[in-house]
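# Fold and contact review
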Amino acid sequence: MRVPLAALLALALPLTAAPAAATASASATSPAVSLGSVIPAPVEVHPGGPGFRLTAGTVIEAPATALNVARRLAEALRPATGFPLPIVAHAPHGARVISLATGAVGARLGGEGYRLGVRESEVTLRANGNAGLFAGVQTLRQLLPPAIDASTRQHARWTVPGGTIVDYPRFAYRGAMLDEARHFHSPDEIKQYIDEISRFKVNYLHLHLADDQGWRIQIDSWPRLTRIGGAPGTGVDGVGGGYLTKAQYRDLVRYAADRYITIVPEIDMPGHVNAAQVAYPSLTCDGKAPPPRTDTDVGYSSLCIGKEITYKFVEDVIRELAAMTPGPYLHIGGDEAHATTAADYLTFEQRVLPLVAKYGKTAYGWNEIAAAPAASTAVAQYWGLDTSNATLAAAVKRGTKVVMSPANLAYLDQKYNPQTPIGLDWAGYIEVRTAYDWDPGTLLSDVPASAVLGVEAPLWSETLRKMDDIEFLAFPRLAAIAELGWSHAHSWESFRSRLGAYGPRWDRQGVDFYRSTQIDWAG
Ligand code: TNX
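Residues numbered from 1 in each chain as written. Predicted model: local features only at pLDDT ≥ 70, side-chain atom pairs only at ≥ 80, totals over all residues. Heavy atoms only, no water.

## Quick word on the overall build of the chain
Selection rule: Numbering of helices and strands runs from the N terminus; a helix is a DSSP stretch of H or I covering at least four residues, while a strand is a stretch of E covering at least two. For a compact globule the rule gives 2.2 Å times the number of residues to the power 0.38, and the radius of gyration it is set against comes from C-alpha atoms. Think of it in three bands: with a 1.4 Å probe and only protein chains considered, a residue is buried below 20% of the maximum accessible area for its type, exposed above 50%, and partly exposed in between. Any pair of residues with heavy atoms lying within 4.5 Å of one another is described as a contacting pair. Computed with a 1.4 Å probe, the accessible areas rest on the Shrake-Rupley method; for each residue, only the protein chains presented here act as cover. Positive charges come from Lys and Arg, negative ones from Asp and Glu, while His and the chain ends are left out of the count. The atoms used to mark charge sites are NZ of Lys, CZ of Arg, CG of Asp and CD of Glu.
Tallying secondary structure elements over the chain gives 16 helices and 17 strands in all. Relative to the compact-globule value of 24 Å for 523 residues, the chain shows a C-alpha radius of gyration of 24 Å, a close match. For the chain, the spread of C-alpha atoms along the three principal axes comes to 80 × 45 × 45 Å. Residues classed as buried in the chain amount to 58% of the 523 residues present. Within the chain, contacts between residues separated by at least 24 positions form 73% of all contacts whose residues are at least 6 apart in sequence. For the chain, the accessible surface area stands at approximately 19000 Å², while carbon and sulfur atoms represent 55% of it. If the 47 positive side-chain charges of the chain are averaged to one point and the 51 negative ones to another, these points end up 7 Å apart.

## Describing the pattern of salt bridges
For clarity, the threshold we go by: We define a salt bridge as a contact between a side-chain nitrogen of Lys or Arg and a carboxyl oxygen of Asp or Glu at a distance within 4 Å.
Counted under the stated rule, the structure contains 27 salt bridges. Put simply, E112 and R174 hold a salt bridge, and the shortest N to O gap is 2.8 Å. Linking E112 in the loop between β5 (97–102) and β6 (114–118) with R174 in strand β10 (residues 173–179), this pair joins segments that are 62 residues apart in sequence. Of the residues examined, E112 reaches a relative accessible area of 19% and is grouped as buried. Taken together, the shared-partner salt bridges in this structure form one network comprising R72, E75, D195 and R259.

## Comments concerning the state of the cysteines
Quick note on the threshold: Cysteine sulfurs are considered disulfide-paired once they come within 2.5 Å of each other.
With the rule as written, the count across this model stands at one disulfide. A sulfur-sulfur separation of 2.0 Å characterises the disulfide bridge that pairs C285 with C304. Between C285 and C304 the sulfur-sulfur dihedral comes to about 100°; the bridge is accordingly right-handed. With C285 in the loop between α8 (274–279) and α9 (308–323) and C304 in the loop between α8 and α9, this residue pair connects regions lying 19 residues apart in the sequence. Look at C285 and you get exposed, because its relative accessible area is 57%.

## Things to note about the pairing of strand β16 (residues 401–404)
How we decide: Strand pairing is defined by DSSP finding a minimum of two bridges between the two strands. Here a crossover is taken to be right-handed if, once the strands point away from the viewer, the path from the first strand over the helix to the second is traced clockwise.
In this structure, strand β15 (residues 379–382) lies alongside β16, joined through four bridges in parallel fashion. By the bridge assignment, Q381 is partnered in β16 with V403. With respect to chirality, the unit in which β15 leads through helix α11 (residues 390–398) into the neighbouring parallel β16 is right-handed. Across three bridges, β16 lies against strand β17 (residues 452–459) in parallel orientation. Counted as the bridge partner of V403 is G454 from β17.

## Some words on the side chain of K201
Within the fold, K201 resides in the loop between α5 (187–198) and β11 (204–208). With sequence-adjacent residues up to four places away left out, K201 is seen in contact with V38, P40, Y114, A135, Q138, T139, D167, R174 and W486.

## Digging into the packing of aromatic side chains
Rules: Pairing of aromatic side chains requires ring centres within 6.5 Å, counting the rings of Phe and Tyr and the six-membered ring of Trp. Pairs whose planes differ by under 30 degrees are stacked, by over 60 edge-to-face, and all others tilted.
According to the stated counting rule, one finds 28 aromatic pairs in the structure shown. When the ring of W366 is compared with that of W460, the centres are 5.5 Å apart and the planes differ by 35°; the resulting orientation is tilted. Of the two residues, W366 is situated in strand β14 (residues 362–366) and W460 in the loop between β17 and α14 (467–474); the sequence distance between them amounts to 94 residues. Summarising the burial analysis for this pair, W366 and W460 share the class buried. Ring centres 4.8 Å apart and planes at 65° place the aromatic pair Y502 and W506 in the edge-to-face group. One end of the pair, Y502, and the other, W506, are both in helix α16 (residues 492–509), four residues apart, so they sit about a helical turn from each other. Residues Y502 and W506 agree in their burial class; the two are buried.

## What about the packing of α5 against helix α7 (residues 246–257)?
What counts here: To get an axis, a line is fitted to the C-alpha atoms, and for a helix only the part in contact is used. The angle between two axes follows their N-to-C directions and goes from 0 to 180 degrees. An angle below 35 degrees is treated as roughly parallel, one above 145 as roughly antiparallel, one from 65 to 115 as roughly perpendicular, and anything else as oblique. By definition, any crossing whose near helix is turned counterclockwise from its far helix by less than a right angle is left-handed, and any crossing with a clockwise turn is right-handed. Under this grouping Gly is polar, as are all residues other than the nonpolar Ala, Val, Leu, Ile, Met, Phe, Trp, Tyr, Cys and Pro and the charged Asp, Glu, Lys and Arg.
Two elements in contact, α5 and α7, have axes whose closest approach is 10 Å; the angle formed by their N-to-C orientations is 15°. In terms of their interaxial angle, α5 and α7 are classed as roughly parallel. Here the hand of the crossing between α5 and α7 comes out right-handed. Touching P187, I190, K191, I194 and D195 of α5 are Q248, D251, L252, Y255 and A256, all from α7. Residue composition of the contact of α5 with α7, grouped by class: six nonpolar, one polar and three charged.

## Some thoughts on the sheet that holds strand β7 (residues 122–127)
Reading across from one edge, β1-β9-β6-β7-β5-β3-β4 is the order of the seven strands in this open sheet, with mixed pairing throughout. Lying at the two open borders of the sheet, with one neighbouring strand each, are β1 (44–47) and β4 (87–88). Relative to β7, β5 runs parallel, the two being bridged by six bridges. When the sheet's bridge partners are listed, T102 is paired in β7 with A127.

## Some words on the environment of L100
Topologically, L100 is positioned in strand β5. Put simply, L100 and A70 are 30 residues apart on the chain and 7.4 Å apart in space, counted from C-alpha to C-alpha. Among residues more than four places away in sequence, those in contact with L100 are E61, A62, P63, V69, A70, L73, L125, R126 and L133.

## Focus: the side chain of R505
Selection rule: A 3.5 Å cut-off defines polar contacts: any pair of N or O atoms within that distance qualifies, except that in protein one atom must be a possible hydrogen donor and the other a possible acceptor, and neighbouring residues in sequence count only when both atoms are side-chain atoms.
Relative to the helices and strands, R505 is located in helix α16. It is D507 that comes nearest to the buried, bridge-free R505 among opposite-charge side chains, at 11 Å. In this structure the side chain of R505 is engaged in a polar contact, spanning 2.8 Å, whose partner is the backbone oxygen of L144. Not counting the four nearest positions on each side in its chain, R505 is found in contact with V33, R141, Q142, L144, P145 and P146.

## Describing unusual backbone geometry
Negative phi is the rule for most residues except glycine; trans is the rule for most peptide bonds. At the junction of I39 and P40, the peptide bond is cis and its omega measures out at -5° in the coordinates. Mapped onto the elements, P40 comes out in the loop between α2 (20–25) and β1. Cis geometry marks the peptide bond from M269 to P270; its omega dihedral reads 0°. Mapped onto the secondary structure, P270 falls in the loop between β12 (262–266) and α8.

What is shown is where atoms sit, not what they do.
Rendered as structure tokens:
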């Protein structure tokens, strides 16, 4: 095994918070990471003192109540380091330890904040609860060198720079959305996406489960929805198809919860319902089945607002979805209902928004729902291109909360530039800087920051067929949106340099990210 000279020199460097020169001279086998080089940027970073070196003798100490987080940490570090990293309740005296514990660490840290201390002898991670510990684990992972392959593993120095980080989120809601309807992505692909977004402290995954092309979630009381709407060939261009069984959905909910991510299911209505009407022609006004559609038009279908069976259908779906969803939100779409009259739209929303509350959930919908008075207790997801919205602003005065997903800034399905091989471009091109350079709290001039729950990055899947497609459009922009949701400070230059340093991690994880020319990617 030949070790490059630069690597040997880097090994001789002291293990303090990495000075810039150390970073530059470190080879790929032992890059020194600086304490602040974390995405999303932490609130407080205090470098200082000798760092911690992970060795074959390191143990992870955690109480039984934090075992889940300890397992996530061990799972992340064992394959990369080859170290056993046993999880113990009490570290033996003198052991090098990564210690996790929950307790009262201050109201300022809330449910998701954490305090990370790195000394020569130990790493201590403290939080009010496990969600905070998990967030701290994501930070700790980024403070270790990017994982390397097994052939060079033994030469790596698994060091964490010394110092303290105190961190907590700006917004409570930091989401990603995946469209399962236009192209179905398998449970394993969704899990992979969950893993990839959880690294950036995203805490909600919204699944768009039905649209004109297909229906992707089992509903027992209306079985033809998936039998017909989830059949092979129901993806855009007749490609793919499929649906989640209830067991698969519940398994995803658990998998996400183990990573402190809450699933938000969406059934879009009263528009975007062609697949449901193909399966059940009684849901159209004339009772005739429309043709199945696998093109990408929008705004042509509508539930029949005057028919009672419409509300039986909607209530059954909401009841079954609510029963398998422990999270607080149930998304009922409401966008682009161009085939529904404005009066019918109001009638429908006034009746359906309260149904979500009837089954114990907070109603969530695209910002068009704000037109209905019943939306005062709902969350509206803003997807417009403007910097003010009178209808939404009026609803906010009545109590509506807002999640920000402006299509020209936060839509992950939009192309980066005219050459981007996949994606759409109706909202404009979204380069990394465009995705980063805005403020979810102040973008809408007529909506106060106090009404903004957070931010979400939707990924519509008209042009996405495989995992690589998801990754290529999501990364790096998802990291930018996640930072807008988590970090209190905002600096493009800082983000740009941390993102450049992050690139090798995606490379080594095999994540097919977009190498934007706006970023100086580390090798
Ligand atoms: C608009 S944004 C839609 C979706 C499409 C998307 C494509 C929104 C609430 N509706 O139906 O998939 O554009 O970018």
